[in-house]
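Working through the structure, step by step
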Amino acid sequence: MRATRVLYVENDPALRGLMTRLLSARPELQIVTSCGSASEALDSPVVGQCDVALLDLALGEGEMNGMDLGIALRRRNANLGIVIHSQHDLAHAVRRLPPEEAIGWSFLPKSGDLRMEDLSAVLRDTARGVSSAPHGLDATPEAGPLALLSDRQRAIMSLTASGLSA
């Protein structure tokens, strides 16, 4: 099984360096590129080679936020899973997600006690089209038909969309 290819965007250089090293140490993950800004990520020629993007929600003054960046990256790579990783209000971010974008988005709070195994699992699952959010938040907006599907059904749809047969 090949490693899940990750695009990481974090504007804090110290956190970006630390997380890049920690994620790179996981054999099931491959950091394709690590960027410090939304514009750097959008200019990256490797977006199409990534399976999932790990994005900070607040990317600094004068930059688009992680939600808008995730939507823009999806325009360049329709199969890209998006994980928003932030200490900011994730409930607000979940509500901003357009229903047609609901599959393959996950929301994960930044915290010092986040286990790398858990982060790795969220990245890998999101790359396969599974959505997740912290307890009490629904990662799938109520509006739209996709809200009626279970996580398993959305994962199966994602695998089918990627070309796998029954």
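The notes below deal with the structure included here.

Rules behind the numbers
Residues numbered from 1 in each chain as written. Predicted model: local features only at pLDDT ≥ 70, side-chain atom pairs only at ≥ 80, totals over all residues. Heavy atoms only, no water. Core = buried A, V, L, I, M, F, W, Y, C linked by side-chain atoms within 4.5 Å. Buried < 20%, exposed > 50% of the residue type's maximum accessible area, 1.4 Å probe, protein only. Helix = DSSP H or I, 4+ residues; strand = E, 2+ residues; numbered from the N terminus. Contact = heavy atoms within 4.5 Å. Pairing = 2+ DSSP bridges. Axes fitted to C-alpha atoms, helices over the stretch in contact; angles between N-to-C directions. Polar contact = N/O pair within 3.5 Å; in protein donor to acceptor, adjacent residues only side chain to side chain.

1. A closer look at the nonpolar core
- Core analysis: the largest hydrophobic core is formed by 24 residues, its most contacted members being Ile84 and Phe107.
- Of all the secondary-structure elements, those providing two or more residues to this core are strand E1 (4-9), helix H2 (38-43), strand E3 (52-56), helix H3 (66-76), strand E4 (81-86), helix H4 (90-96) and strand E5 (105-109).
- Ranked by residues supplied to this core, first place goes to H3 with four residues.
- Excluding residues that lie within four positions of it along the chain, Ile84 makes contacts with Leu55, Leu57, Gly66, Met67, Leu90, Trp105, Ser106, Phe107 and Leu108.
- In terms of nonpolar packing, the next biggest core, distinct from the first, is built from 14 residues, Met19, Leu23, Leu119 and Leu123 among them.

2. What about the sheet that holds E4?
- If you walk across this open sheet you meet the five strands as E2-E1-E3-E4-E5, and the pairing is parallel. Taken across any chain shown, the strands that pair with only one partner, and hence form the sheet edges, are strand E2 (29-35) and E5. Pairs of neighbouring strands in the sheet enclose a mean axial angle of 20 degrees, with direction left out of account.
- When E3 meets E4, the two strands line up parallel, connected through five bridges. When the sheet's bridge partners are listed, Leu55 is paired in E4 with Ile84.
- The strands that helix H1 (residues 13-24) touches are E1, E2, E3 and E4; relative to E2, the one it contacts most, it runs at about 165 degrees.

3. A word on the side chain of Ser106
- Mapping Ser106 onto the fold places it in strand E5.
- Among the polar contacts made by the side chain of Ser106, one reaches the side chain of Thr126 at a distance of 2.6 Å.

4. Focus on the pairing of E2
- Sheet analysis places E1 next to E2, joined by six bridges and oriented parallel. The residue bridging Arg5 from the neighbouring strand is Gln30, located in E2.

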